[in-house]
Amino acid sequence: MTARGRCEGGDVALAAPGPGGARATALHSPALDARPGRAGEATALETLRVPDALSARVPAEQRGAGRDDVRLLVSRGRAVAHHAFRELPEQLRAGDVLVVNTSMTLPAAVNGRVGGERVVVHFSTRGADGRWAVELRAPREAGVTGPRPGGPAGAVVRLPGGRDLVLEEPLGPAAGARLWWARAPERVPELLRGYGRPIRYGYTDRDQPLSAYRTVFALDSPDGSGSAEMPSAARPFTVPLVAELVRRGVLFAPLSLHTGVASAEAHEPPYPERFAVPAATAWLVNAVRAAGSGRVVAVGTTAVRALESAVGADGVVRPAEGWTDLVVTPRRGVRVVDGLLTGLHEPQASHLLMLEAVAGREALRRGYEAALQERYLWHEFGDVHLILPDEERNTPNCSSNEW
């Protein structure tokens, strides 16, 4: 792994004006087709298999003493160590900055009907034109859902409260499209508050309250926007732990990236998502880097995507907001992120390419093999992985955003 993992040259992606005229990097209009990565892209862990028994089925506070009662796998280069998450302050140092996503998780799953067919609508992302990207899922036993063919165009989805949702066009290639742009009723946030519930996947035991899917950093958005799925890397943080980190001189830098609905079955790369990096965060990250006084550690892959979408070819982070289609891979590398705190991802997950860009392939492999051997727990209610730099300083290849 590189000590800083930074790329000082080359372009991130296209730049364009964001909402309100703010500068934004790596933007695509949500009306454009999403660009998933090449099919079959291999991750460093494609041959690993995670037993079902290692899925975290309920939140940590229902298994133990509290949210922070999870394990912390620490990778420093190729060295691996095992800790409790409450020991995180001892793994960081004064001057380090934790970049956190403040996006609020929405109750994004709503029951509906298409003709006589029952469906579950997952509200993914609100577009700039007022439409919503949605995924229709097939309800199954015990409150979970399964995949369903998308569309067709013009289909009317009956929603609670007498509202209708009209599917208009697929997001991405029409064949097998999972997400569709739909003309939604007005005040979708109100609809979600009244009838929605958190998106839940089959590895969990039962429905959980919305509070279980919100982090200590989550803030309400003025327009009701938020994340379809929890930015889960920050879930184990508690107010006392944050206070202890601050007492030790660790800094916090907020930004937002509203996550869309993940591909539970196909492990697609992320679609374009809305993000905002405020001026104060850009200033703090630049100051820490310029002083060499600490490390920039992203809390979650969403924080990496947002922060790396706001850095220019000169390596300077600038205030930015809009839509990012940036995909961080080993070939593209990272520019400003030194370390990453993240959950444990399935071996086929596209997020692992980002982890490999930060940690390096062999370090990532060793970390995950140790997690399997020590029976760490996977998914949003599971254990977490802290990736920190080793002492070597090499520069990754950041010449491309192609997969």
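Residues numbered from 1 in each chain as written. Predicted model: local features only at pLDDT ≥ 70, side-chain atom pairs only at ≥ 80, totals over all residues. Heavy atoms only, no water.

> Would you take a moment to explain the overall build of the protein chain for this structure?
Counting secondary structure elements, the protein chain contains 8 helices and 18 strands. For the protein chain, with 403 residues in total, the buried portion stands at 58%. (Helix = DSSP H or I, 4+ residues; strand = E, 2+ residues; numbered from the N terminus. Buried < 20%, exposed > 50% of the residue type's maximum accessible area, 1.4 Å probe, protein only.)

> Would you take a moment to explain the sheet that holds strand β17 (residues 339-343) for this structure?
For sheets, the rule is that strands pair by backbone hydrogen bonds, running either parallel or antiparallel. Strand order in this open sheet of 9 strands is β4-β3-β18-β17-β15-β5-β13-β14-β16, and the pairing throughout is mixed. Each end of this open sheet is capped by a strand with a single partner; those strands are β4 (79-84) and β16 (320-324). Across this sheet, the average inter-strand angle for adjacent strands is 20°, counted without regard to direction. Strand direction decides the pairing type here: β17 and strand β18 (residues 384-388), joined by 4 bridges, are antiparallel. When the sheet's bridge partners are listed, Leu-340 is paired in β18 with Ile-387. (Pairing = 2+ DSSP bridges. Axes fitted to C-alpha atoms, helices over the stretch in contact; angles between N-to-C directions.)

> I tried to follow the pairing of strand β8 (residues 132-139) on my own but got confused; where do I start?
A regular strand places its side chains so that they alternate between the two faces of the sheet. With respect to burial, β8 is a largely interior element, 6 of its 8 residues being buried. The pairing of strand β7 (residues 117-126) with β8 spans 6 bridges and is classified as antiparallel. By the bridge assignment for β8, Val-120 is matched with Arg-137. Hairpin connection of β7 to β8: 5 residues between the antiparallel strands, including Gly-130 at a positive phi of 95°. Bridge count between β8 and strand β12 (residues 179-183): 4 bridges; the pairing is antiparallel. Residue pairing across strands places Glu-135 opposite Leu-179, the latter belonging to β12. For β8 and strand β9 (residues 145-146), the ladder comprises 2 bridges, and the chain directions are antiparallel. Within β9, the residue paired with Ala-138 across the bridge is Gly-146.

> It is not clear to me how the packing of helix α6 (residues 301-308) against helix α7 (residues 351-359) should be interpreted in this structure. Could you clarify?
Each pair of packed helices can be described by the angle between their axes along with the distance between the axes. Direction vectors running N to C along α6 and α7 enclose 70°, while the axes themselves pass 11 Å from each other. As judged from the angle between their axes, α6 and α7 are roughly perpendicular. Relative to α7, the crossing made by α6 is left-handed. Packed against α6, whose contacting residues are Thr-301, Val-304 and Arg-305, the element α7 presents His-351, Met-354 and Leu-355 at the interface. Considered class by class, the residues forming the contact of α6 with α7 number 3 nonpolar, 2 polar and 1 charged. (Parallel < 35°, antiparallel > 145°, perpendicular 65-115°, else oblique. Left-handed = near helix turned anticlockwise from the far one by under 90°. Contact = heavy atoms within 4.5 Å. Nonpolar A, V, L, I, M, F, W, Y, C, P; charged D, E, K, R; others polar.)

> How should I be thinking about the packing of aromatic side chains in this particular structure?
We describe a pair of aromatic rings using the distance from one ring centre to the other and the angle between the two ring planes. Enumeration according to the criterion identifies 7 aromatic pairs in this entry. An angle of 40° between the planes, with centres 5.8 Å apart, marks the rings of Phe-217 and Phe-252 as tilted. Here Phe-217 is found in the loop between α3 (188-195) and α4 (239-247), whereas its partner Phe-252 is found in strand β13 (residues 251-258), with 35 residues between them in sequence. With relative accessibility at 12%, the residue Phe-217 sits in the buried group. Grouped by ring-pair contacts, the aromatic residues Phe-85, Phe-217, Phe-237 and Phe-252 constitute a single cluster. (Phe/Tyr/Trp six-rings, centres within 6.5 Å; stacked < 30°, edge-to-face > 60°.)

> In this structure, what is going on with the nonpolar core? I would like to understand it.
The nonpolar side chains of a soluble globular protein tend to be buried, and buried together. Counting 47 residues, the largest nonpolar core has Val-99, Val-304, Leu-307, Val-317, Tyr-368 and Trp-378 as the members making the most contacts within it. Broken down by secondary-structure element, the contributors of at least two residues to this core are β5 (97-101), β13, β14 (273-277), α5 (279-291), β15 (296-299), α6, α7 and α8 (361-373). Apart from residues lying up to four places away in sequence, Val-99 is in contact with Ala-253, Leu-255, Val-285, Val-296, Val-297, Ala-298, Val-299, Ala-303 and Leu-307. Grouped together as the second largest cluster of nonpolar side chains are 29 residues, Val-110, Val-119, Val-188 and Tyr-203 included. (Core = buried A, V, L, I, M, F, W, Y, C linked by side-chain atoms within 4.5 Å.)

> Looking at this model, I keep getting lost on α5. Mind explaining?
Helical geometry note: an α-helix holds 3.6 residues per turn, so side chains three or four residues apart project in the same direction. Look at α5: 18 Å from first C-alpha to last across 13 residues, which is about the 18 Å you get at 1.5 Å a residue. Here α5 has its buried residues at Thr-281, Ala-282, Leu-284, Val-285, Asn-286, Val-288 and Arg-289. Where α5 is buried, its residues touch β5, β13, β14, β15 and α6. (Expected span 1.5 Å × (residues − 1).)

> Mind showing me how you'd approach the pattern of salt bridges here?
Pairing is possible between side chains of opposite charge, provided their charged atoms come close. Applying the stated rule across the entire model yields 25 salt bridges. One salt bridge connects Arg-131 with Glu-169, and the closest N-O pair in it is separated by 2.9 Å. Here Arg-131 is found in the loop between β7 and β8, whereas its partner Glu-169 is found in strand β11 (residues 163-170), with 38 residues between them in sequence. The class of Arg-131 is buried, set by a relative accessible area of 5%. (Salt bridge = Lys/Arg side-chain N within 4 Å of Asp/Glu carboxyl O.)

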